[in-house]
Amino acid sequence: MTIQGHPLDTHGEKASGHSAPNAEVYSSLSKALDFEKDDERVWWERTTPLLERIMVSADYTLLQRSQFLTLYRTLMIPNFGPHPHTWHASITHSGIPMEFSVNYQSKGQSTVRVGFEPVTDISGTSRDPYNLITVSHVINQMSRLSFEGFDPYLCTSFLASMTLSKGESDMLQGAKLSGSKFKTQAAFGLDLKGDGVTVKCYIYPALKLHVSGMTFYQLLASAVQRLSDVMGCDELVSMVNDYMEKGGCYNPYSFLGFDCIAPSQSRLKIY
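Calculation notes
- Residue numbering note: each chain is counted from 1, following its sequence as written.
- pLDDT decides what is reported in this predicted model: residues at 70 or higher carry local features, side-chain atom pairs at 80 or more are listed and counted, and totals for whole chains, interfaces and linings draw on all residues regardless.
- As a convention, hydrogens and water are excluded, and side-chain values are obtained from all of the structure's heavy atoms.
- By definition here, a salt bridge exists when the distance from a side-chain nitrogen of Lys or Arg to a carboxyl oxygen of Asp or Glu is within 4 Å.
- Each helix is a run of DSSP H or I of at least 4 residues and each strand a run of E of at least 2, with the numbering of both proceeding from the N terminus.
- Residue exposure (1.4 Å probe, protein chains only): buried if accessible area is under 20% of the type maximum, exposed if over 50%, otherwise partly exposed.
- Two strands make a pair as long as DSSP finds a minimum of two bridges between them.
- The definition of a polar contact used here is a pair of N or O atoms within 3.5 Å, where within protein one atom must be able to donate a hydrogen and the other to accept one, and adjacent residues in sequence count solely through side-chain atom pairs.
- By definition in these notes, contact holds between two residues if any of their heavy atoms fall within 4.5 Å.
- Under this scheme, a helix contributes an axis fitted over its contacting stretch, all axes are lines through C-alpha atoms, and angles between N-to-C directions fall in the 0 to 180 degree range.
- Each angle receives one of four descriptions, namely roughly parallel if under 35 degrees, roughly antiparallel if over 145, roughly perpendicular if within 65 to 115, and oblique otherwise.
- Helix crossings fall into two classes, left-handed where the near helix is turned counterclockwise from the far one by less than a right angle and right-handed where it is turned clockwise.
- Residue type decides the class: Asp, Glu, Lys and Arg count as charged, Ala, Val, Leu, Ile, Met, Phe, Trp, Tyr, Cys and Pro as nonpolar, and the leftover types, Gly among them, as polar.
- To estimate how far a helix should reach, multiply one less than its number of residues by 1.5 Å.
- To obtain the arc, one takes the directions from the helix axis to the C-beta atoms.
- Nine residue types can take part in a nonpolar core, namely buried Ala, Val, Leu, Ile, Met, Phe, Trp, Tyr and Cys, and a core is a set of them joined through side-chain atoms within 4.5 Å.

Enquirer: Which parts of the structure should I look at to understand the pattern of salt bridges?
Expert: Side chains that differ in sign of charge can pair as their charged atoms come close. Tallied over the full model, the rule gives 10 salt bridges. Notably, a salt bridge pairs Lys-37 with Asp-121, separated by 3.1 Å at the nearest N-O pair. One end of the pair, Lys-37, is in the loop between α1 (24-30) and α2 (38-57); the other, Asp-121, is in the loop between β3 (111-116) and α4 (132-144), and 84 residues separate them in sequence. Taking the relative accessible area as the measure of exposure, Lys-37 reaches 39% and is therefore partly exposed. Accessibility expressed as a relative area gives 46% for Asp-121, which makes it partly exposed. In this structure, Lys-166 engages Asp-170 in a salt bridge whose closest nitrogen and oxygen atoms are separated by 2.8 Å. Within this pair, Lys-166 and its partner Asp-170 are both found in helix α6 (residues 166-172), separated by 4 residues, close to a single helical turn. The class of Lys-166 is exposed, set by a relative accessible area of 62%. Sharing partners across several salt bridges, the network here consists of Arg-113, Asp-191, Lys-200, Asp-259 and Arg-267.

Enquirer: How should I be thinking about the pairing of strand β4 (residues 186-193) in this particular structure?
Expert: Sheet faces and side chains relate simply in a regular strand, where the side chains alternate between the two faces. Counting buried positions over the 8 residues of β4 gives 7, a clear majority of the element. One ladder, built from 8 bridges, connects β4 with strand β5 (residues 196-203); its direction is antiparallel. Pairing of Lys-193 across the sheet is with Gly-196, part of β5. Here β4 folds back onto β5 in antiparallel fashion, the turn holding 2 residues, of which Gly-194 has a positive phi close to 55°.

Enquirer: Got a minute to help me understand the side chain of Ser-110 in this structure?
Expert: Here Ser-110 shows up in the loop between β2 (98-103) and β3. A polar contact of 2.9 Å, which involves the side chain of Ser-110, links it to the backbone nitrogen of Gln-105. Not counting chain neighbours up to four residues away, the residues in contact with Ser-110 comprise Ala-58, Tyr-60, Val-102, Asn-103, Tyr-104 and Gln-105.

Enquirer: Which parts of the structure should I look at to understand unusual backbone geometry?
Expert: Generally, phi is negative for residues other than glycine and the peptide bonds are trans, each holding for most cases. A cis geometry characterises the amide bond from His-83 onward to Pro-84, with omega recorded as 0°. Assignment of secondary structure puts Pro-84 in the loop between α3 (62-76) and β2. Of note, Asn-131 is a non-glycine position whose phi angle comes to about 70°, a positive value. For Asn-131, the position within the fold is in the loop between β3 and α4.

Enquirer: Help me out: how do you make sense of the packing of helix α5 (residues 153-162) against helix α8 (residues 216-225) in this one?
Expert: Taken N-terminus to C-terminus, the directions of α5 and α8 make an angle of 135°; their axes are 10 Å apart at the nearest point. Considering their axes alone, α5 and α8 lie oblique with respect to each other. When you trace α5 past α8, the crossing you get is right-handed. Between α5, through Phe-158, Ser-161 and Met-162, and α8, the contact on the second element is made entirely by Leu-219, Leu-220, Ala-223 and Val-224. Class assignment for the residues of the contact of α5 with α8 results in 6 nonpolar, 1 polar and no charged.

Enquirer: Would you explain helix α9 (residues 234-246) in this entry?
Expert: Owing to its 3.6 residues per turn, the α-helix aligns residues three or four sequence positions apart on the same side. Between its first and last C-alpha atoms α9 spans 19 Å; for 13 residues at 1.5 Å apiece the expected length is 18 Å, and the two agree. Those residues of α9 that sit buried are Val-237, Val-240, Asn-241 and Met-244. With its buried residues spanning 105° around the axis, α9 presents them on a single face. Away from its buried face, by an angle of more than 90 degrees, α9 presents the exposed residues Glu-235, Met-239 and Lys-246. Just downstream of α9 lies Gly-248, where phi reads positive at about 60°.

Enquirer: Which parts of the structure should I look at to understand the nonpolar core?
Expert: Soluble globular proteins tend to bury their nonpolar side chains together. Ranked by size, the top nonpolar core spans 63 residues in total, and within it Tyr-72, Phe-158, Phe-188, Leu-190, Leu-256 and Phe-258 carry the most contacts. Top contributing element to this core by residue count: α3, with 6 residues. Residue contacts for Phe-258: discarding those within four places in its chain leaves Leu-154, Cys-155, Phe-158, Val-199, Lys-200, Cys-201, Ile-203, Ser-266, Arg-267 and Leu-268. Counting residues in hydrophobic clusters, the runner-up holds 16 residues, among them Leu-172, Ala-187, Ala-206 and Phe-255.

Written out as structure tokens, the structure is:
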């Protein structure tokens, strides 16, 4: 297992010489898809052509585009919530619940990533004020999709340790962090690689820190200690914390990222 700590995570990018093509797979799929909700249709129509153009720019084959756009329709479109968005997702400045990015490579396959914060009709309501029910539902859904190597163990463990408990959520009564719209607890990044998908999870403990009075490191060290049997990285986390503190890298919105694979193989990143 490796651990990295830094204030920002950047993707190497290079300009692509591709011109924007017709969205072939998008057009074909749209003729055969049925949408239970108008909101889903709007998200599909407004975001999918761009995703396909990005995949074309990264030299994805027709088969790959078909596979990943079908996944996009199955997993993500139903979990973007109402349109226009009512839940302010913290993964984008505008608050929309998805972000596309690509790591272009001069040699080998470039990788498109879809970042998204799951949202449903109950997100932000009294049923799910901090969106944790919705996040847990998506973790279960990804488990059923049988992504190769996907393991939800770290997701459920860090969610339990570093996000609001039911009692803390009830105490906050839906409040946001002072002076912000921030209520996010977790989000995901799906790397569309070859014919497979790798999943990263991001945990945002800002509200947990607010109600507990703990520092980011105290909360993380406690969570990692509970995972000693499967990760054994307590000392490494301490070393990364020293680096983060000396560099003044922490801020009120610092968060944790990790690979959703076997704990012994996963990387932890502090942002």
